[in-house]
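Take a look at the letters that make up each chain.
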Amino acid sequence: MSVDPEMRDALLAAVPSLRAFAISLSGQVDRADDLVQDTLLRALANIDRFERGTNLNAWLFTILRNLFHSEFRKRRREVEDPDGSFAGRLQVQPEQGAHLDFEDFRDALSRLPADQREALLLVGASGFSYEEAANICGCAVGTIKSRVNRARSRLAALLAVDGAEDLGPDRATRAALQTAAF
Amino acid sequence: MNRDNRLARALPDQTSAPGAPAAPKLDRTAQTRIGDKLRSMYADLVQQPVPDRFTALLTKLHESDSVAEKAERKA
């Protein structure tokens, strides 16, 4: 395979976004890094298929998303996971205390169905348009829109956001939510 | 839904959100807060240093390419 320095730099520049997407999607840093690595290897193996001048990030996100889902299907056969929230809690890294701020949010995110989570991440965080997100997920624009809406509503419920309070749910609400979930 | 005055002030300009999704009603304040939190969580992840394995992967590839190119030229 031949990859010129320019392409190599572009791939490297895409890594932070790919990691952020993979971590948010899978809920696990180790798994996310494996996903990113597999994505880069697959991209390199198929680099001739990439049309120069088109959106490299969108192409890479499509590869990562497809890898994530094929792995998800494989896992699902291996492990019983009825609600699909196999991501579970993010493994909090002790050396990154500041990241604890987002623990509640990530926890809520991991409770969303995978299709809603990815739609929200693509549109609400990664900066893709609804059209680009639809291309990445291989579905209709309307489907992405409704998934994003449902994801937002579900997150609001999980985090007990009513606009007047701070984002974090109080303990009682959270305990109730968790009881309801299991 | 319990809406206090603070929230009520935020509600009237709902129409000003261009292309705001209509279905399941979620008030703008809550939506904005979720959006902000999501973006700050994501920005926090994006700003993390890139693990060496990725730099190494792409650098190694570049070196092996150079070696291969030289080999091709010699051949």
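Figured I'd write up the structure that's included with this text. (Residues numbered from 1 in each chain as written. Chains lettered and ligands numbered in written order. Predicted model: local features only at pLDDT ≥ 70, side-chain atom pairs only at ≥ 80, totals over all residues. Heavy atoms only, no water.)

## Remarks on the packing of aromatic side chains
Residues and elements named next belong to chain A.
No. 1: One pass over the structure, following the stated rule, counts 3 aromatic pairs over all chains.
No. 2: A centroid spacing of 5.1 Å and a plane angle of 40 degrees characterise the contact between Phe50 and Trp59, whose relative ring orientation is tilted. Of the two residues, Phe50 and Trp59, neither departs from the other in class, the shared state being buried.
No. 3: A network of ring pairs unites the aromatic residues Phe21, Phe61 and Phe128 as a single cluster.
No. 4: A cation sits over an aromatic face here: Lys145 above Tyr130, 5.4 Å from the ring centre. (Phe/Tyr/Trp six-rings, centres within 6.5 Å; stacked < 30°, edge-to-face > 60°. Buried < 20%, exposed > 50% of the residue type's maximum accessible area, 1.4 Å probe, protein only. Lys NZ or Arg CZ within 6 Å of the ring centre and 35° of its normal.)

## A look at helix α6 (residues 130-137) of chain A
Residues and elements named next belong to chain A.
No. 1: When we look at burial in α6, the residues that qualify are Tyr130, Ala133, Ala134, Ile136 and Cys137. Along the axis of α6, the buried positions cluster into a sector of 160 degrees, meaning they face one direction only.
No. 2: Gly138 sits one or two positions beyond α6 and adopts a positive phi of about 65 degrees. (Helix = DSSP H or I, 4+ residues; strand = E, 2+ residues; numbered from the N terminus. Arc of directions from axis to C-beta.)

## Quick look at the packing of helix α5 (residues 114-125) of chain A against helix α2 (residues 28-46) of chain B
No. 1: Between α5(A) and α2(B), whose axes approach to 10 Å, the crossing angle comes to 85 degrees. On the basis of the axis angle, α5(A) is roughly perpendicular to α2(B). For the pair α5(A) and α2(B), the contacting residues are Leu120(A), Leu121(A), Gly124(A) and Ala125(A) in the first and Leu38(B), Arg39(B) and Tyr42(B) in the second. (Axes fitted to C-alpha atoms, helices over the stretch in contact; angles between N-to-C directions. Parallel < 35°, antiparallel > 145°, perpendicular 65-115°, else oblique. Contact = heavy atoms within 4.5 Å.)

## A few points about the environment of Ser24(A)
No. 1: Turning to its location among the elements, Ser24(A) is positioned in helix α1 (residues 5-26).
No. 2: In this structure, Ser24(A) is in contact with Leu109(A), Arg117(A), Leu121(A), Met41(B), Tyr42(B) and Leu45(B), ignoring residues within four places of it in sequence.
No. 3: Among the polar contacts listed, one links the side chain of Ser24(A) to the backbone oxygen of Ala20(A), at a separation of 2.6 Å. (Polar contact = N/O pair within 3.5 Å; in protein donor to acceptor, adjacent residues only side chain to side chain.)

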